[in-house]
Amino acid sequence: MNCVCDLKLTVREMGLADFVRLYQNQERFLAYCRECDNYGAKWSCPPMGLDTAEFLSHYSYVTVAAVQVVYNEDVIASTPENQVKDVTLDTLMPVKAAFHDAMLNVEREVPGRLTLSSGGCTICRQCTRPDGVPCRQPSRMRYSLDSFGFDLSAITGDLLGIKLLWCRGKLPAYYTLIHALLERKPMDGVVEQVVLRQLFASDECRENSLRDRSR
Ligand code: SF4
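Residues numbered from 1 in each chain as written. Predicted model: local features only at pLDDT ≥ 70, side-chain atom pairs only at ≥ 80, totals over all residues. Heavy atoms only, no water.

Trainee: Can you lay out the overall build of the chain for me, pointing to particular residues and giving the numbers?
Mentor: When helices and strands are counted, the chain shows 8 helices and 4 strands. For the chain, the α and β elements follow one another from N to C terminus as β-α-α-α-β-α-α-β-α-β-α-α. Computed over C-alpha atoms, the radius of gyration of the chain comes to 17 Å, within 12% of the 17 Å expected from 2.2 N^0.38 for 215 residues, which places it in the range of a compact globule. With respect to the principal axes defined by its C-alpha atoms, the chain has extents near 50 × 40 × 30 Å. Looking at the 215 residues of the chain, the share that counts as buried comes to 47%. In the chain, the share of contacts with a sequence separation of at least 24, taken over all contacts with a separation of at least 6, comes to 84%. (Helix = DSSP H or I, 4+ residues; strand = E, 2+ residues; numbered from the N terminus. Rg over C-alpha atoms; globule rule 2.2 N^0.38 Å. Buried < 20%, exposed > 50% of the residue type's maximum accessible area, 1.4 Å probe, protein only. Contact = heavy atoms within 4.5 Å.)

The structure is reproduced here in structure tokens:
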């Protein structure tokens, strides 16, 4: 079987106070959240009913980790517009789940760490929030980085040297999943080591995400 895409990991760590000063603009970016279908419909997304400044005040460092799902040129050229959404979901969702689990494992190594996830939670097929029922998996659900009003394009561009791409009638060269880990102490490369070891060795990623669906 041929692989339809490859994965690339980029990680940067910085002080949380500088990160907030440089990249948080709640008024501007939460306005985008209000236009999203996940707004008020996923427990990972706004409105979150918490004081975000107080929430972040418990941490001193942030490690931003981005996984690029990079499509090979043949797949981009041969995927018709009406299959772009399916190929996107089939390739992105298993990587997102494996990345989320790898970040949770980094988090659990030391009490007091906390992961922020990439976009709205996709753990359950149907979120309970529209029914007013508590989250089914609070031990695994994590707030999205977007929910704090962070500028993801600036974070990836400035910190990681990655320009965010979206599909425009065809698959982009790559998609980018962005997670973060909040800590009280410097992480010294731990996130990179664990994610590389767990995500890039993941059979699930290899077998379910990176294989050509058409074969
Ligand atoms: S774990 Fe399930 S119930 Fe909780 S936020 Fe995610 S999708 Fe919703």
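Trainee: Before we move on, could you go through the pattern of salt bridges and cite the residues and values that matter?
Mentor: Summed over all chains, the structure comprises 5 salt bridges. Between glutamate 107 and arginine 142 there is a salt bridge; the shortest N-O distance is 2.7 Å. Within this pair, whereas glutamate 107 is found in helix α5 (residues 84-109), its partner arginine 142 is found in the loop between β3 (114-116) and α6 (152-160), the two being separated by 35 residues in sequence. Considered together, glutamate 107 and arginine 142 belong to a single accessibility category, that of buried residues. A salt bridge links glutamate 109 to arginine 113, with the shortest nitrogen-to-oxygen separation between them at 3.7 Å. Residues joined by salt bridges that share partners form a network here, namely Glu109, Arg113 and Glu183. (Salt bridge = Lys/Arg side-chain N within 4 Å of Asp/Glu carboxyl O.)

Trainee: Provide a residue-level description of unusual backbone geometry, including the pertinent values.
Mentor: Following proline 46, the chain continues to proline 47 via a peptide bond in cis, the omega torsion being -5°. Structurally, proline 47 is set in the loop between α2 (26-34) and α3 (52-56). At aspartate 188, a position not held by glycine, the phi torsion is positive, near 50°. Given the relative accessible area of 65%, aspartate 188 is considered exposed.

Trainee: Let's hear about the layout of surface pockets: which residues, and what values?
Mentor: Each pocket or cavity is described by its volume, and for the largest pocket that value is around 1,200 Å³. Together, 35 residues line the largest pocket, and Gly119, Gly120, Asp146, Leu152 and Trp166 are the ones closest to its centre. Among the elements that take part in the lining of the largest pocket, α5 stands out by supplying 7 residues, more than any other. Residue lining of the second largest pocket: 17 residues in total, with Met93, Cys121, Thr122, Ile123 and Cys124 positioned closest to the centre. Among the residues making up the lining of the second largest pocket, the classes are represented as 5 nonpolar, 6 polar and 6 charged. (1 Å grid on protein atoms, 1.4 Å probe; cavity = no way out; pocket = protein on both sides within 12 Å on 5 of 7 lines; lining within 4 Å. Points joined across faces, edges and corners; volume = space filled by probe spheres on them. Nonpolar A, V, L, I, M, F, W, Y, C, P; charged D, E, K, R; others polar.)

Purely geometric stuff here, so don't read any function into it on its own.
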